[in-house]
Amino acid sequence: YDGYFTQKRSASGALGLHPLQKMTAAMRMLTYGIAADGADEYIRSAEATNLESCKKFVIKVCEVFGERYLRSPNEEDIARLLAIGEERGFPGMLGSIDCMHWGWKNCPKKWHGMFKGHVSEPTMILEAVASQDLWIWHAYFGLPGSLNDINVLQRSPVFTKLAEGQTPPVNYSINGHQYTMGYYLADGIYPRWATFVKSIPAPDTRKHKTFAKRQEGARKDVERAFGVLQSRFAIVRGPAKGWKRKEIGDVMKACVIMHNMIVEEERQTGRQSCTFEAMGERVTVSRTHAEQLSSFIQMTHRIRNQGEHDQLKLDLIDHVWQKFGNE
């Protein structure tokens, strides 16, 4: 795909580095989190070459595999996610959502005020949606660490396609009430939207305690996905050493793609018991078509409907109690 990862001869006829040397250097930097000069003796290549190989490798991974492994759920994916959610007591659930901070070691001093938040070091935020098999269906990365989950959500494209009417239909019924939008499990900071289901902060009855236990247990899927992503790619676990935000974003994007590759391989080989929107995608509304704009606004109001959120939560509390109340 890229001529950089082909073996060439110099002007004197000497063979250059083999493509596997360059890709091995890049993979060691990603998986072990080592510096560019940490693999020079093993790979027999210079520090500058290792660094350049890593930068080009993550860019090409995103270009070649991004369309397949960074995609929104299609109809088949949604049917599987809904079946898993129904089995776990949450019909209509499409996954769980949360944010993760990645430290930025080489953040310019003039940006520290913007990128420092609840931790003392500058960070960048990854917003992700993950399912039970740890596949990351949505990832939005690059916002400064001074923001919280609500600020990130206001800028995120997680509901862009839903608001534009481009997602497959999601129809389900709970306690006789019909719903046409899927939802994500979220923690307490997220707003009371029709597309979020949150736990009960201080449950005082057996019914509420059962619901809170089940919701918090299922919501940990995204936390597990963050943990597995960091364990597989140590570069994400340690502070980012890059100087440019785009290069750091390419690294995160490539790590998510390769994480989903591993999840798919484990799913196919049966090692698991039981997709993603483009990073940096922005909401684009055509203002030349009044009907499309009106539909977009109406759907946005539906997504943020607090009354539907409350009704959905009450129905789920009853449904979970009927399903698991005797355990």
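To be clear, the structure that these remarks concern was listed above.
Scoring rules and cut-offs
Residues numbered from 1 in each chain as written. Predicted model: local features only at pLDDT ≥ 70, side-chain atom pairs only at ≥ 80, totals over all residues. Heavy atoms only, no water. Helix = DSSP H or I, 4+ residues; strand = E, 2+ residues; numbered from the N terminus. Rg over C-alpha atoms; globule rule 2.2 N^0.38 Å. Buried < 20%, exposed > 50% of the residue type's maximum accessible area, 1.4 Å probe, protein only. Areas by Shrake-Rupley, 256 points an atom, 1.4 Å probe, with all protein chains shown as cover. Phe/Tyr/Trp six-rings, centres within 6.5 Å; stacked < 30°, edge-to-face > 60°. Lys NZ or Arg CZ within 6 Å of the ring centre and 35° of its normal. Expected span 1.5 Å × (residues − 1). Arc of directions from axis to C-beta. Contact = heavy atoms within 4.5 Å. Pairing = 2+ DSSP bridges. Axes fitted to C-alpha atoms, helices over the stretch in contact; angles between N-to-C directions. Parallel < 35°, antiparallel > 145°, perpendicular 65-115°, else oblique. Nonpolar A, V, L, I, M, F, W, Y, C, P; charged D, E, K, R; others polar. Core = buried A, V, L, I, M, F, W, Y, C linked by side-chain atoms within 4.5 Å. Domains from an automatic or database assignment. Disulfide = S-S within 2.5 Å. Salt bridge = Lys/Arg side-chain N within 4 Å of Asp/Glu carboxyl O.

Help me out: how do you make sense of the overall build of the protein in this one?
Counting its regular elements, the protein contains 12 helices and seven strands. Here the C-alpha atoms of the protein give a radius of gyration of 22 Å, agreeing with the 20 Å that 2.2 N^0.38 yields for 327 residues. With the principal axes as the frame, the protein shows a C-alpha extent of 80 × 50 × 40 Å. Here the protein holds 327 residues, and 46% of them are scored as buried. Taken as a whole, the protein presents about 16,500 Å² of accessible surface, with 52% of it coming from carbon and sulfur.

What is the right way to look at the packing of aromatic side chains in this model?
Ring pairs (aromatic) are described by centroid distance and by the angle formed between their planes. Evaluated as defined, the whole model comprises 17 aromatic pairs. Aromatic side chains tyrosine 4 and phenylalanine 5 sit 5.2 Å apart centroid to centroid with 85 degrees between the ring planes, which places their arrangement in the edge-to-face category. A relative accessible area of 14% places phenylalanine 5 in the buried class. Among the aromatic residues, those joined into a ring-pair cluster are Phe159, Tyr184, Tyr190, Trp193 and Phe196. One Lys or Arg, arginine 28, reaches over the ring of tyrosine 42 and ends 4.4 Å from the middle of that ring. We note arginine 245 situated over the ring of tryptophan 111; from NZ or CZ to the ring centre the distance is 6.0 Å.

Would you explain helix α1 (residues 19–32) in this entry?
Every α-helix carries 3.6 residues per turn, so stepping three or four residues along brings you back to the same face. The terminal C-alpha atoms of α1 lie 20 Å apart, and with 14 residues this matches the ideal 20 Å at 1.5 Å per residue to within 8%. Looking at α1, one finds that the buried residues are Pro19, Lys22, Ala25, Ala26, Met29 and Leu30. All buried residues of α1 lie within an arc of 140 degrees about the axis, which places them on one face of the element. Opposite the buried face of α1, at more than 90 degrees from it, the exposed residues are Leu20 and Tyr32. Residues of α1 that are buried make contact with α2 (40–43), α3 (47–69), α9 (234–237) and α10 (245–268). Following α1 by one or two positions, glycine 33 has its phi on the positive side, about 70 degrees.

Looking at this model, I keep getting lost on the sheet that holds strand β3 (residues 136–144). Mind explaining?
The strands making up a sheet are joined through hydrogen bonds of the backbone, oriented either antiparallel or parallel. Here we have five strands laid out as an open sheet, ordered β3-β2-β1-β6-β7, and mixed in their pairing. Strands at the two margins of the open sheet, each flanked by one partner only, are β3 and β7 (196–198). Across the sheet, the axes of successive neighbouring strands diverge by a mean angle of 30 degrees, strand direction being ignored. Judged from the seven bridges that link them, strand β2 (residues 123–130) and β3 form a sheet pairing that is antiparallel. Following the sheet pairing, valine 129 is matched in β3 by histidine 138. Contacting β6 (183–186) and β7, helix α12 (residues 306–324) crosses the sheet at an angle of about 55 degrees to β7.

Which parts of the structure should I look at to understand the packing of helix α8 (residues 206–232) against α12?
Two measures define how a pair of helices packs: the angle their axes make with one another and the distance between the axes. Viewed as axis vectors pointing N to C, α8 and α12 meet at an angle of 95 degrees, and their least axial separation amounts to 9 Å. By the angle between their axes, α8 is roughly perpendicular relative to α12. On α12, the residues that touch Arg206, Lys207, His208, Thr210, Phe211 and Arg214 of α8 are Lys313, Leu316, Ile317, Asp318, Val320, Trp321 and Phe324. Within the contact of α8 with α12, the residues separate by chemical class into six nonpolar, two polar and five charged.

Quick question: what am I supposed to make of the nonpolar core here?
In globular proteins that are soluble, nonpolar side chains generally tend to be buried together. Grouped together as the largest cluster of nonpolar side chains are 89 residues, with contacts concentrated most on Leu30, Phe90, Phe159, Tyr183, Phe196 and Met252. Top element by residues in this core is α10. It accounts for nine residues. Built from parts of two domains, this core gets at least three residues from each of domain 1 (19–68) and domain 2 (73–271 + 289–325). Not counting residues up to four positions away in its chain, the partners in contact with phenylalanine 196 are Ile97, Leu153, Phe159, Tyr183, Tyr184, Ala186, Tyr190, Pro191 and His309.

Looking at this structure, how should I read the state of the cysteines?
Each disulfide consists of a covalent bond between the sulfur atoms of two cysteine residues. Counted under the stated rule, the structure contains zero disulfides. There is no disulfide at cysteine 54, and the cysteine sulfur nearest it, in cysteine 255, is 8.3 Å away. Taking relative accessible area as the criterion, cysteine 54 reaches 6% and is therefore assigned buried. With no disulfide of its own, cysteine 107 lies closest to cysteine 99 among cysteine sulfurs, the gap being 18 Å. Cysteine 107 sits in the buried class, given a relative accessible area of 6%.

Quick question: what am I supposed to make of the side chain of aspartate 149 here?
Structurally, aspartate 149 can be placed in helix α6 (residues 149–155). Excluding its chain neighbours within four sequence positions, the residues that come into contact with aspartate 149 are Asp98, Cys99, Asp187, Ile189 and Tyr190.

Can you walk me through the pattern of salt bridges in this structure?
A pair can form between side chains of opposite charge whenever their charged atoms are brought close. Tallied over the entire structure, the rule returns 15 salt bridges. Salt-bridge contacts for lysine 60 lead to aspartate 2; the nearest nitrogen and oxygen are separated by 4.0 Å. Of the two residues, lysine 60 is situated in helix α3 and aspartate 2 in the segment before α1; the sequence distance between them amounts to 58 residues. A relative accessible area of 22% places lysine 60 in the partly exposed class. Arginine 219 is the salt-bridge partner of glutamate 223, the closest N and O atoms lying 3.7 Å from each other. Linking glutamate 223 with arginine 219, this pair stays in helix α8, spanning four residues, or about one helical turn. Given the relative accessible area of 9%, arginine 219 is considered buried.

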